[in-house]
Structure formats: C-alpha cells, structure tokens
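Residue-level listing of the chains:
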Protein chains: 2
Amino acid sequence: MAREGRKRGGGRSARIAARQSNVAQTISFIERKIPYFEVLNDEALALIEYNAETVLEEIGIEFRDYPSALSLLKNAGADVDNERVRFPRGLCRQLLATAPSEYTQHARNSKRSTIIGGDRTVLVPAYGSPFIRNAEEGRRYATIEDFKNFVKLTYLSPGLHHSGGTVCEPVDIPVNKRHLDMVYSHIRYSDKPFMGSVTAPERAEDTVEMIKILFGSNEIQEKTVLTSLINANSPMTFDATMLGAATVYAENNQATMISPFILAGAMSPVSVAGTLTQILAEAMAGMSYIQCVRPGAPVVFGTFASALSMQSGAPTFGGPEPSLVIYGAAQLARRLNLPFRSGGGLCASKIPDAQAAYESANTLQTSALAGVNFMLHTAGWLEGGLSMGYEKFIIDADQANMIAVLLNGIDTSENGQALGALREIGPGAHFLGAAHTQTNFETAFYRSEIADNNSFEQWEEEGSRDAMQRAAEIWPRMLRDYEPPAIDPGVDEALREFISRRKAEFPDKDY
Amino acid sequence: MAREGRKRGGGRSARIAARQSNVAQTISFIERKIPYFEVLNDEALALIEYNAETVLEEIGIEFRDYPSALSLLKNAGADVDNERVRFPRGLCRQLLATAPSEYTQHARNSKRSTIIGGDRTVLVPAYGSPFIRNAEEGRRYATIEDFKNFVKLTYLSPGLHHSGGTVCEPVDIPVNKRHLDMVYSHIRYSDKPFMGSVTAPERAEDTVEMIKILFGSNEIQEKTVLTSLINANSPMTFDATMLGAATVYAENNQATMISPFILAGAMSPVSVAGTLTQILAEAMAGMSYIQCVRPGAPVVFGTFASALSMQSGAPTFGGPEPSLVIYGAAQLARRLNLPFRSGGGLCASKIPDAQAAYESANTLQTSALAGVNFMLHTAGWLEGGLSMGYEKFIIDADQANMIAVLLNGIDTSENGQALGALREIGPGAHFLGAAHTQTNFETAFYRSEIADNNSFEQWEEEGSRDAMQRAAEIWPRMLRDYEPPAIDPGVDEALREFISRRKAEFPDKDY
C-alpha cells in the first residue's frame, strides 16, 4: 500500500492515511472460535489441584513485611504463623468465588475498551526491559523517547489490543519519577488500555490519581481502567512492594495480575507438574488476598515460566517444558473460572534471528492455542526480557495479526465452502479467475508486511535483506507518520500539572 | 560435550563417541501422549465430507494418460467418461476399507524400523530442492555430495526418524540416472527408512529392484520398506508419471503418500473449507486407486498447502490459513482411519533468518499438535522448497528434538509431582540443591545445541553470532565425525553392480 502511495505521488499523506486506517481497524480483543488445546486430563488436573491445596495447607505462602495482609488473611480464616500463611484446604477457592470471571478494561477511547477473560485474547507488547536494540544503534539503555516510540508503535499496530505497561524502562528519568512519564505517555500517545506502576505503593497511588484525572474519581470505582502486573517472589513468597501496589489497585477496583515468576529448576521444582502445582498455589494465595482487600476486584491468574538451563544456570525460552506449563496453567485457570495471563514472544536470543523467532513462535503459538486471555510480551521481547527490540517488535506484531486469523477458525459458510468455485473450475484448470476468487481475494489470506515471498532473483536484486533489515525500514516510517489521538486539552493540562507537582515533591531517587 | 571432549584431549574421538551415542539414542518414532488439536466440530467435518463426495460424484477426478487406471476404477464401480472418473457417493470410502490404518516401514537396521499412523509422529527431512544454501557458499545447485551430506546429517540427528527421499536434487547426475545414486546413498550412508523415486515408473522399478537386493525379493512382498511421495496434479488431476510410479509401488506392497499439492487460491478455492474439500476428494480418489491396484497396500493421506499471495502470486508459508488446512485435513484423515502426511518446517525465506524461523515454527507446531504421522520437510527447507539449507537443517533438527518432548506431555508420576521438593525447599529458598533437582536435572529440561542462552556480555565476547553462524560450525563437525553404519559387503557389491549395469543401459537424459 505504501508503494502504491508513492507511485501515485501520495507519499507521506498516503502512508498516514493507511496507518490511520490501520488504527481504525484495530479490534479491541480476539474472540476465539476454535477450541482450547488442553494437554492434561481431568484426573491430572484434579491431582495438581489437590497437591496445590497441600502446599497451601501444609507449607503455606509467605507474605513478607506487610502486616495488614496478615491480619486480613487471618480474619478470612487462614492460619498465620509469623509471616507464613497457611490456607485450610478449600479456603482459597471459597475466597476466589467473589472474583469476576471476566471484566472490561476501559480505555479513554471507548472503542478500544477491551474485555479480559472468557474466550477472548488480548495481545500486549513486552514489558520491563532496561535496554533497547535496533539495527542501527545495536543495544543501549532505554530512554523515555524509546518508551514513547513503543507506545506509538503499539498504537499503530492493529494486532495489539493493549498499550502495555513498562514497554521499556526509561532509565534517563529517576526511578521514583519515571512512572509518571510512563503513565502519561500511555494516556497521551495512545488511546488503548494500559497498565499501572507497581514498583512502589506510592507509585501505584500516583497512577490511580492520574486515572482519576482522566476518567473521574467516582467513575474509576465502578470502572476498571488499569490491569497491573503483580509478580510473586517465587517460591511461595509475596513481598511488601508488590503487596503494597496490589493493595492500592484492589482498593480502587483496578485489576491485578498475580503472576508467579518462575525460572523452573531454581524457583520451582525441576518438573512441569511440580511447577504447575507451585504456580497454582501461589496464584490462588495472591488472588485470595486481593479478594480479601476488596471482594469482586478483578484479578488475573498469571504465569511466567522459563526453564532454567541446568547446565549453565541461564533462563531458556521457547522450549517444550515452558509450553507444557502454559497449556496446563491455562486449564487450571479455566477451572477456577478466572482470566489467565501468560505467554508472548519470549526468547533468549540477543538479536531478532532464527533463534529469537523459533523461540518466540513456539511461545506465541502455545499461548494462542492454550487460551491465554492477556498475552503480555507479545511484541518486542529479546534477551530474556533485558532488551526491547524495535525490529523484533515489528516482526512480532505481524505474527500478532496472524493469531487473530488463526483463532477465528475455519469459515464453513456457503461462501467458505466454495463448492461453486470447484464446480466452475474443475480438473486441471486454475482458480485465479473464478468468480469466488474474484469476490474473496482481497481478504482471503493473511498478507504479511514483513515476509519476503518474492523469487530468489528479485530478493537478491533488492539487496538480499533479512527480516530484521526489512523491519528496520518499517518502524521509522511508522513513527514519522504517527499522529497522536486527540485528547481533551483540560485533561492534558491537569495531568501535566499533577506530574510537575509530584516531581517537585521528591528528590531524585534511583530505586 | 564437544568442548569437554577437546579439554580432555579427546578431540575427534570424543566427538565421535558423542555422535554415535546420539545415533544409538534415536527413537524410531514419537508416540504422542497428548491429545490432538482439532479445530473443526463434527458438523463441519460432516459438511466437508459431504461436499467432497459431491466433488467426486459430480465433478470427478481426471486420471490422465494412464488407461489401466481407468479400467481398474471402472471395474471397481466408478463412472469413467474419457479420462474423467466420477465416484458414486460412498464408493471411495468403501474401497478405502482395505487400506491399513497404520503400517510398519522396515529399515535395514530393525531398530530403525518405524510405524506410520495411529498416535505416532515420524519426522523426516525436507524433499525436492534443486539448490542448497550454506553460510559459506551461499546458494548453488545441489550435487550428489550434498545429497550424501544430508543423508549423513539426518542419520546423525536423533530427532529425525526417517532418511527422507530427494533430500536435494543431485543435479550433477543425469536425471534418468540420479535416482540410483539417491537410493544407494540412503541405503549406504544411513540405516533409517527412506523413500523411493517417483519421477518415472521405471525409476520406481529400479528402486524396487534395489530394495529386493537389500531385503530379498519375497520379503518385500510381505514387508513395506518404502514410503514414496505421489503428488496429485491439483486441481482434481493425477498424471501418468505419478500414477505409474504409484502403481509400481502398490503392486509391490510398498507405501505411497497421495498428496494434493496445493497453492490455495490458484490450485484450489481461495478459502480453507473449499481447499479442504478438494484435498479430501483428491486424496480419497488417489488412495482408492491404490486399493484397486492392490487391496491392502499401505497408503497415506497427504496434504501440502500453501496460501498463494493474492497480490504477488507467490506461495506463502507459515500463515494462519495453511495451519487451519493442516488441522482440518488431519481430522479428515483420522475419520478415514488412515495415516496422515503434512507439515514440516516450511518457509518462503531465502535464508535462515527470523522470517524462516517464524514460518517454520508455525508449521512445525501446527503439524505436531494436529497429529501429522509422517512429517515431511521437517528440517532444511528454505525458499518454498527451492533450497535445502545446511544451517537451516541444523536449526530445524533441534526443533525436531523438542517436538518429541512436547508430544510426550506432562509427567504426573510421583517424581513428576515433586511434592517432596516443594516440602523440602519451601518459601523464599531455591531448588538447585533439592534432592529432586539433583536426581532429575540431567534429563529434566530439553537442552538446545543451537540456542545461545548466555549473558549478553558473554555472547558479545564470543563474537555476537546469530543462530545461523552457530549452526555453520555444527554441520561440518558432524560430517567430519560421521562414520557410516555397517553394511553386508555382498549386498553393497550387488547394489553397486546393479547401478553400474542400469547406468550403462541408458544414454544420459535430462528429464
């Protein structure tokens, strides 16, 4: 389309029109029409559930340095011994009965409001990397400019339904202030839903203040507008930072994803079933706590699993064991009737090469088929999460588009059956001119922006470029053509004032 | 392991020992312990089956330039009008009742004999490319040396269960003679099962003569030792070359894979359901013909589907529509109770970059979960099948190993549950020293030979290599360390004599 534009002399304006049309086309979630892929039978699931209850009852979960959690859980019927909380068999399930099976996460543009849970899949960019990588500069620390760039690129990617959270760490801004710029960037440069800060309870409070400015103080008590990432400190521990942030969000009816963060073999047993047992116990304990804070506050069952290399101690991605963990955990979450977060384009590779793509594809396919509802890390992830890749983002976002087509399944309508075309063409001819082909060819098959399907000769003539080199041409063009969604100037002003005031209140801090 | 070897001064001999141990470890097929992933419900399947019968009955299939097929099919109850064969509704299913639901393909080393069908998956290298590519030479025409190299590399790859067929086209040998060298190479440089020549009926006969020398003339009438690839000339046509080769194999109780070869949109309707309908009709017609030749001869339901780019006319791979075709066709094959062939590491990319890996992974994952029994093109495929890549082969073979782990599912034995480890470690500690970890760490998680999971700094220090560059070090080392499996010198002599005689009988021919 861009090429067409140039030919017609449309240039930048034609490209912008195409991009705007992409933005307009963005659906707010995928509604799957194909079954889940399930690897565990009912007996195996019941066994893991039984064992998780054993962990909760006998071993217990530590809630560290956060006394209010201990008293809430004690009141709810848990057995509290110092910071160790043991849950009598069945208590967590009982507490989780108040958690919604799905919830709407509202966006400032109501067309972008999404639903988390049920048969829906929401694709979200990668989260948390201190570095960025691109073809021109290589790897360097991320800045707020990079952060804004990834918010803009996500805004322009029809396959990504959610703006994400810490799309990269803007290390050029002090740690205790950068959350303000991050939240503002999500609000200002996109109109898709986003995630809140979790690195300290007061930063969660700042995030809540900002959404109050954006949506109204009373409104957010009714509407969930944030879904934020609360990692467990596996094994079997929650710390005060995460508990504090989670508490702020839950008190304000904002969603939290309780995510055991597991490098299996180090932070969980060196087996898939053992790891699933621990994940279920940790997630149930954390989500139960949220229900004690505010019954009915949305929670998401989270899972992040890497298999540790038992030879080098390094985390690995895209292997079969983490895939089995995702399949199994998705089943366990469905049996709790709760939304599930996992997956994405995870890889250990430092660059967007064949290793990166194989590992990412294995995780993306698994997550799509397993029925992940909130697919964090869908685009951009490199190097075990240490780097956010510009070209990797573009390549992954193309795959995100394909996931929507895959989950849409097979059209068996009369048009899909195409018996007329079979009758029209018959043996030995070709279908290019068939009436059915003419009617359907524009939308029939997914068209990748990144794949080079040309002949070898043409590819060679065009410079023998690999996927990374082609992607390196796409994202700068997208950023050049980017135009921000409109925002109420009064709201924008109020947000900026709030940020200035908060920044002035504190000395810079690097933790 | 290789590095360990060098340190101990073991060098080549240590590496050879490791490779031999790889060879010894080769299992002869994967027996899946997880369910199939199925995208179509019974109603949709019945609809496609009904429509396929409509195609068979109303439109019919052409059997071209091969009169004996027409008379056989007529005798079986088909309606033959010139070369158009129409099958009354239900006739194909009736004829297919004699086809075995699974069969053993014997190898000259009985430990490598494999079973095609049922819950088993057999992984097979790529097939048919006239070019090879490697990091050092780039792309060039393939030779018989390349052919031998890929047979050897497959022999040394524990995740590949089958030696394949035309692993590349040895274009340095005349077309009418190269099949002799190809079949000989499979026999001499490997002891895994392999495929026969299909490019002319007399070449199929030569293949049969050679397996008679290897296994005995009477033995092969009882034992299937070849599985050969018979493409339909889609849409709805079989040609004399393929019919002739198929007939030779079927008459000798050797297996054929009847594979509609579809670039959807050109050779089938531009829809998944329409394409599935045509595939089912073509496969049923071809397999029914085989059952007319020799009731009980093993047949495999084949599917090769690419979605044509409706913009450029180029074949595309790894997209969602071909995946849906594979899922659907596997279900249709299972409902016929017949083995199914499809899939592999298909891609359009010219080099083993992120495009190649994403496309290949999407097809491999799909094929594994769909329940493909004979997974042709598992390793090496590049450029829509025009090139066989040395580095791509190594990267894909690593993925083949992972598929075996994935299909093995989740171990829920007491050891798998690891409750003891959870009790031993508890909150906040790590599992590295746990008794369970110590017992299981060597086999717990799949260990990739290609993935670089090291730190960024270490990766940079080692030259910032991508997956292709790392793979480029592996295959030459494998070939240096390769040692051929033993063969009876008398058999070897007889095979060589047969080849010399046949080569002398014909002038060189390039078709």
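Quick caveat: nothing in here was measured; it's all calculated off a predicted structure.

Q: Looking at this model, I keep getting lost on the overall build of chain A. Mind explaining?
A: Counting its secondary structure elements, chain A contains 20 helices and 19 strands. Out of the 511 residues in chain A, the part that is buried amounts to 59%. Within chain A, contacts between residues separated by at least 24 positions form 75% of all contacts whose residues are at least 6 apart in sequence.

Q: Help me understand the interface of chain B and chain A in this model?
A: The extent of an interface is frequently quoted as the accessible surface area lost upon association of the parts. Taken residue by residue, the interface counts 104 residues in chain B and 104 residues in chain A. Counting residues per element, the side of chain B that touches chain A draws most heavily on helix α13 (residues 354–370) of chain B, which supplies nine residues. Here the side of chain B that touches chain A is composed, by residue class, of 58 nonpolar, 33 polar and 13 charged.

Q: Help me understand the relation of the copies chain B and chain A in this model?
A: Two copies of a chain can be linked by a rotation about an axis combined with a shift along that same axis. Superposition of chain B onto chain A requires a rotation of 180° combined with a translation of 0.0 Å along the rotation axis, giving an RMSD of 0.0 Å. In symmetry terms, the pair is related by a two-fold rotation axis. Identified as the residue of chain B closest to the rotation axis by C-alpha distance is A354 of chain B, at 2.2 Å. Both copies present the same face, since 100% of the interface residues in chain B are matched by interface residues at the equivalent positions in chain A.

Q: Which parts of the structure should I look at to understand the sheet that holds strand β4 (residues 84–86) of chain A?
A: In a beta sheet, neighbouring strands are held together by backbone hydrogen bonds and run either parallel or antiparallel to one another. All names here are of chain A. The strand order across the open sheet formed by four strands is β3-β4-β2-β11, and the pairing between neighbours is mixed. One side of each edge strand has no neighbouring strand; the edge strands of this open sheet are β3 (79–81) and β11 (237–238). Looking at chain direction, β3 and β4 are connected through three bridges and run antiparallel. Bridge pairing in β4 links D81 to R84.

Q: Just checking my understanding: could you explain the nonpolar core for this structure?
A: Most often, soluble globular proteins have nonpolar side chains that are buried together. Membership of the largest hydrophobic core comes to 319 residues, with the highest contact counts inside it found for I403 of chain A together with I403 of chain B. Here I403 of chain A is in contact with I30, L123, L364 and A368 of chain A, once residues within four sequence places are set aside.

Q: Is there a simple way to think about the environment of M284 of chain B in this case?
A: Residues and elements named next belong to chain B. For M284, the position within the fold is in helix α11 (residues 272–293). Taking the number of C-beta atoms within 10 Å as the measure of exposure, M284 has 27 and is therefore buried. For the pair M284 and D119, spaced 165 residues apart in sequence, the C-alpha separation works out to 21 Å. Not counting residues within four places of it along the chain, the set of residues in contact with M284 comprises A52, L56, C92 and L96.

Q: Can you help me understand helix α8 (residues 201–215) of chain A in this one?
A: Structurally, the α-helix is built with 3.6 residues per turn, so residues lying three or four positions apart point the same way. Residues and elements named next belong to chain A. Between its terminal C-alpha atoms α8 stretches 21 Å, which fits the 21 Å expected from 15 residues at 1.5 Å a residue. Residues of α8 that are buried: P201, R203, A204, D206, T207, V208, M210 and I211. Of the residues flanking the end of α8, it is G216, one or two places downstream, whose phi is positive at about 105°.

Q: Help me out: how do you make sense of the pairing of strand β9 (residues 138–141) of chain B in this one?
A: Regular strands have side chains that alternate between both faces of the sheet. Two elements, strand β8 (residues 131–134) of chain B and β9 of chain B, share four bridges in a ladder whose sense is antiparallel. Along β9 of chain B, the bridge assignment pairs I132 of chain B with R140 of chain B.

Q: What's the story with the environment of R84 of chain A in this structure? I'm lost.
A: Its location among the elements puts R84 of chain A in strand β4. Look at R84 of chain A and you get partly exposed, because 19 C-beta atoms sit within 10 Å. Along the primary structure R84 of chain A and T363 of chain A are separated by 279 residues, whereas in three dimensions their C-alpha atoms are 34 Å apart. Once residues lying within four places of it in the same chain are set aside, the contact partners of R84 of chain A are G60 and E62 of chain A together with P427 of chain B.

Q: Is there a simple way to explain unusual backbone geometry in this structure?
A: Residues apart from glycine generally show negative phi values, whereas peptide bonds are mostly found in trans. Going from S234 of chain A to P235 of chain A, the amide bond is cis rather than trans, its omega being 5°. Positionally, P235 of chain A belongs in the loop between β10 (227–232) and β11. The residue A418 of chain A is not glycine, and still its phi comes out positive at about 60°. Backbone geometry at S464 of chain B places phi at a positive 50°, although glycine is not the residue there. Relative to the helices and strands, S464 of chain B is located in the loop between α18 (456–461) and α19 (467–481). With 14 C-beta atoms packed within 10 Å, S464 of chain B lands in the partly exposed category.

Q: So what exactly am I meant to see when it comes to the sheet that holds strand β11 (residues 237–238) of chain B here?
A: The sheet built from four strands is open, its strands ordered β3-β4-β2-β11 (chain B) with mixed pairing. Each edge of the sheet is formed by a strand with only one pairing partner; in this case those strands are β3 (79–81) and β11 of chain B.

Q: Help me understand the packing of helix α3 (residues 42–59) of chain B against α11 of chain B in this model?
A: Residue and element names in this part refer to chain B. Where α3 contacts α11, the two axes come as close as 8 Å, and the packing angle between them is 60°. With respect to α11, the element α3 is oriented oblique. Crossing geometry of α3 relative to α11 is assigned as right-handed. Between α3, through I48, E49, N51, A52, V55 and L56, and α11, the contact on the second element is made entirely by A273, L276, T277, Q278, L280, A281, M284 and A285. The residue makeup of the contact of α3 with α11, split by class, is 10 nonpolar, three polar and one charged.

Q: Just to check I follow, could you spell out helix α11 (residues 272–293) of chain A for this structure?
A: Taking 1.5 Å per residue, 22 residues should reach 32 Å; α11 of chain A reaches 32 Å between its end C-alpha atoms and fits that length. Burial analysis of α11 of chain A places 21 of its 22 residues in the buried class, which makes it a mostly covered element.

Q: Just to check I follow, could you spell out the pairing of strand β12 (residues 255–264) of chain A for this structure?
A: All names here are of chain A. Of all 10 residues in β12, nine are buried, a share of seventy percent or more. In the sheet, β10 pairs with β12 via six bridges, with the strands oriented parallel. Note that in β12 the partner of L229 across the bridge is M257. As judged from the three bridges shared by β12 and strand β13 (residues 299–302), these two strands associate in the parallel manner. Within the sheet, the bridge partner assigned to I258 lies in β13 and is F301. Following the chain from β12 across α11 to the adjacent parallel β13, one finds a crossover that is right-handed. In this sheet, strand β14 (residues 304–308) lies alongside β12 in parallel orientation, the contact comprising four bridges. When the bridges of β14 are listed, L263 appears paired with S306.

Analysis parameters
Residues numbered from 1 in each chain as written. Chains lettered and ligands numbered in written order. Predicted model: local features only at pLDDT ≥ 70, side-chain atom pairs only at ≥ 80, totals over all residues. Helix = DSSP H or I, 4+ residues; strand = E, 2+ residues; numbered from the N terminus. Buried ≥ 20, exposed ≤ 12 C-beta atoms within 10 Å, placed from the backbone. Contact = placed C-beta atoms within 7 Å. Nonpolar A, V, L, I, M, F, W, Y, C, P; charged D, E, K, R; others polar. Least-squares fit on C-alpha atoms with pLDDT ≥ 70 in both. Pairing = 2+ DSSP bridges. Core = buried A, V, L, I, M, F, W, Y, C linked by C-beta atoms within 7 Å. Expected span 1.5 Å × (residues − 1). Axes fitted to C-alpha atoms, helices over the stretch in contact; angles between N-to-C directions. Parallel < 35°, antiparallel > 145°, perpendicular 65-115°, else oblique. Left-handed = near helix turned anticlockwise from the far one by under 90°. Right-handed = clockwise from strand over helix to strand, strands pointing away.

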